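Spelled out, the chains give:
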Amino acid sequence: MSEPVRSIPAARPRRAARRTRVLGGPVPILVAALLWGTTGTAGSLVPAGAPAAGVGAAALVLGGMLLFLSDRSARELPRACGPGERRMLALGAVAVTGYPLTFYPAVARTGVAVATVIALGSAPVFTGLLGWLARQGRPSGRWAAATALAVLGCAVLVLGPELAGHGAAVDPLGVLLASLSGLSYAVYSLIGGRLIAAGRPSAGVMGAMFGGAALLVLPVAALGPVGWLLSVRGAGVVLHLAVVTTYLAYRLFGHGLRHTTAQTATTLTLAEPAVAAVLGVLALGERLPAVSWCGLAVLAGGLAFLALPARR
């Protein structure tokens, strides 16, 4: 009688699947957040007198058209979709447009620090609640704990200089506008994640939504002052924002949404203010108080807790 064949332990396949899951989802989203983190440094280089909303609108027009024209599936998707999916794409385009049109006025009223914390901190909360209401899955306790840590760390990191000194009065309208920008981000992230999960190509979904948003925001870019765009510095900043922080970043973000839920993705993008803070120290000579470095550590811990796969 032959000796029974022993089964090979499945540790290696599980380890490989875990590695694939990390590289397929969290890593592209974290890289996208790294690219988004360069926005503030690049924006500080625009010529004097360039309107903040105009800079954001010009970058969205160029970046959105790049996303739309560079992928064939983005041009074919509106025709290939059913009526329900076309309505979702249209709503996603409106949400994409709403982010710069609410975030930049919020920055003007409350400052970069407060607007960033409210917009990015509220986005994961909105995403979790809207996803739950849309029956896309109830957020897990792991996600809730990691999100709470990340939002707390983000708030302490960005508001550290004000916490260490004397904070200014917060403008209620600015807070409302920043919250609306977080809601806009949550809406188009959820719509993109849902369409991608339904089998639509990620590049096509992002290209269709951002191409539509580029057309919607074109009047804002065209009707405002455009003289700053004719300078080398102004054109260079818009090219960076359009190619790096819009085209490349959202291609990566869409790829990550294929393997990661929208709730997890919006929490992971809280890495953006951490990157912006570090770049401010290294490139612009800014100084962060000790409390901000503590917030950075808490934020990194929350993101690592969420990004690394859970042990069974």
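Residues numbered from 1 in each chain as written. Predicted model: local features only at pLDDT ≥ 70, side-chain atom pairs only at ≥ 80, totals over all residues. Heavy atoms only, no water.

1. Concerning the overall build of the protein
Piece 1. The secondary structure content of the protein amounts to 14 helices and 0 strands.
Piece 2. Listing every helix and strand of the protein by position from the N terminus yields α-α-α-α-α-α-α-α-α-α-α-α-α-α.
Piece 3. Per-residue burial over the protein gives 46% buried out of 312 residues.
Piece 4. In the protein, the share of contacts with a sequence separation of at least 24, taken over all contacts with a separation of at least 6, comes to 88%. (Helix = DSSP H or I, 4+ residues; strand = E, 2+ residues; numbered from the N terminus. Buried < 20%, exposed > 50% of the residue type's maximum accessible area, 1.4 Å probe, protein only. Contact = heavy atoms within 4.5 Å.)

2. Some remarks on a nonpolar patch on the surface
Piece 1. On the surface, Leu62, Leu66, Leu239, Val243 and Leu248 cluster together into a nonpolar patch covering about 360 Å² of accessible area.
Piece 2. Listed by contribution, the elements that provide at least two residues to the nonpolar patch are α4 (52-69) and α11 (232-257).
Piece 3. The leading source of residues in the nonpolar patch is α11, at 3 residues.
Piece 4. Topologically, valine 243 is positioned in helix α11. (Patch = residues over 30% accessible without salt bridge, like charges linked within 9 Å, V, L, I, M, F, W, Y side chains within 5 Å. Areas by Shrake-Rupley, 256 points an atom, 1.4 Å probe, with all protein chains shown as cover. Salt bridge = Lys/Arg side-chain N within 4 Å of Asp/Glu carboxyl O.)

3. Comments concerning the side chain of threonine 269
Piece 1. Residue placement: threonine 269 occurs in the loop between α12 (262-268) and α13 (271-284).
Piece 2. A distance of 2.7 Å separates a polar atom in the side chain of threonine 269 from the backbone oxygen of threonine 266.
Piece 3. Beyond its immediate stretch of four places on either side in the chain, threonine 269 contacts Ile29, Ala33, Trp36, Tyr185 and Phe253. (Polar contact = N/O pair within 3.5 Å; in protein donor to acceptor, adjacent residues only side chain to side chain.)

4. Let's talk about the packing of helix α9 (residues 172-197) against α11
Piece 1. Closest axis-to-axis distance for the α9/α11 pair is 9 Å, and the angle between their directions is 55 degrees. Relative to α11, α9 is oriented oblique. For the pair α9 and α11, the crossing hand works out as right-handed. For the pair α9 and α11, contact is made by Tyr185, Tyr188, Ser189, Gly192, Gly193 and Ile196 and by Tyr250, Phe253, Gly254 and Leu257, respectively. (Axes fitted to C-alpha atoms, helices over the stretch in contact; angles between N-to-C directions. Parallel < 35°, antiparallel > 145°, perpendicular 65-115°, else oblique. Left-handed = near helix turned anticlockwise from the far one by under 90°.)

5. Observations concerning the packing of α9 against helix α10 (residues 202-223)
Piece 1. Where α9 contacts α10, the axes come no closer than 9 Å and their chain directions differ by 145 degrees. In the packing of α9 onto α10, the handedness of the crossing is right-handed. Of α10, the residues touching α9 (which contributes Tyr188, Ile191, Gly192, Leu195 and Ile196) are Ser202, Val205, Met209 and Phe210.
Piece 2. Per-class residue counts for the contact of α9 with α10 are 7 nonpolar, 2 polar and no charged. (Nonpolar A, V, L, I, M, F, W, Y, C, P; charged D, E, K, R; others polar.)

6. Description of the nonpolar core
Piece 1. Counting residues in each nonpolar core, the largest one holds 64 residues, and the members touching the most others are Trp36, Tyr188, Phe210, Tyr250 and Phe253.
Piece 2. Among all residues touching phenylalanine 253, those that are not within four sequence positions of it are Ile29, Ala32, Trp36, Tyr185, Ser189, Met206, Ala265 and Thr269.
Piece 3. Grouped together as the second largest cluster of nonpolar side chains are 10 residues, Ala42, Ala59, Val238 and Leu241 included. (Core = buried A, V, L, I, M, F, W, Y, C linked by side-chain atoms within 4.5 Å.)

7. Quick word on the packing of aromatic side chains
Piece 1. Following the criterion strictly, the structure yields 10 aromatic pairs and no others.
Piece 2. Between tyrosine 185 and phenylalanine 253, the aromatic rings sit 6.3 Å apart at their centres with planes inclined by 40 degrees, giving tilted as the arrangement. Placement of tyrosine 185 in helix α9 and of phenylalanine 253 in helix α11 is noted, with a sequence separation of 68 residues between them. Of the two residues examined, tyrosine 185 and phenylalanine 253, each falls in the buried class.
Piece 3. Each member of the aromatic cluster is reached from another via a ring pair, and the members are Trp36, Tyr99, Phe103, Tyr185, Tyr188, Phe210, Tyr250 and Phe253. (Phe/Tyr/Trp six-rings, centres within 6.5 Å; stacked < 30°, edge-to-face > 60°.)

8. Notes on the environment of leucine 152
Piece 1. The topology assignment puts leucine 152 in helix α8 (residues 141-164).
Piece 2. C-alpha separation for the pair leucine 152 and glycine 121, spaced 31 residues apart in sequence, amounts to 8.5 Å.

9. Digging into the confidence of the model for the protein
Piece 1. When the pLDDT values of the protein are averaged, the result is 80; 82% of them are 70 or greater.
Piece 2. When the criterion is pLDDT under 50, residues 1-20 qualifies, and its contacts beyond four places in sequence or with other chains add up to 1 contact. (pLDDT = per-residue confidence, 0-100.)

10. Regarding helix α6 (residues 83-110)
Piece 1. In this model, α6 (28 residues) spans 40 Å end to end at C-alpha, consistent with the 40 Å of a helix rising 1.5 Å per residue.
Piece 2. In the stretch just after α6, glycine 111 is the one whose phi turns positive, near 95 degrees. (Expected span 1.5 Å × (residues − 1).)

11. Description of the side chain of threonine 245
Piece 1. With respect to the helices and strands, the residue threonine 245 is situated in helix α11.
Piece 2. The exposure class assigned to threonine 245 is buried, which follows from its relative accessible area of 6%.
Piece 3. For threonine 245, the contacting residues outside a window of four places in its chain are Leu35, Trp36, Thr38, Thr39, His240 and Tyr250.

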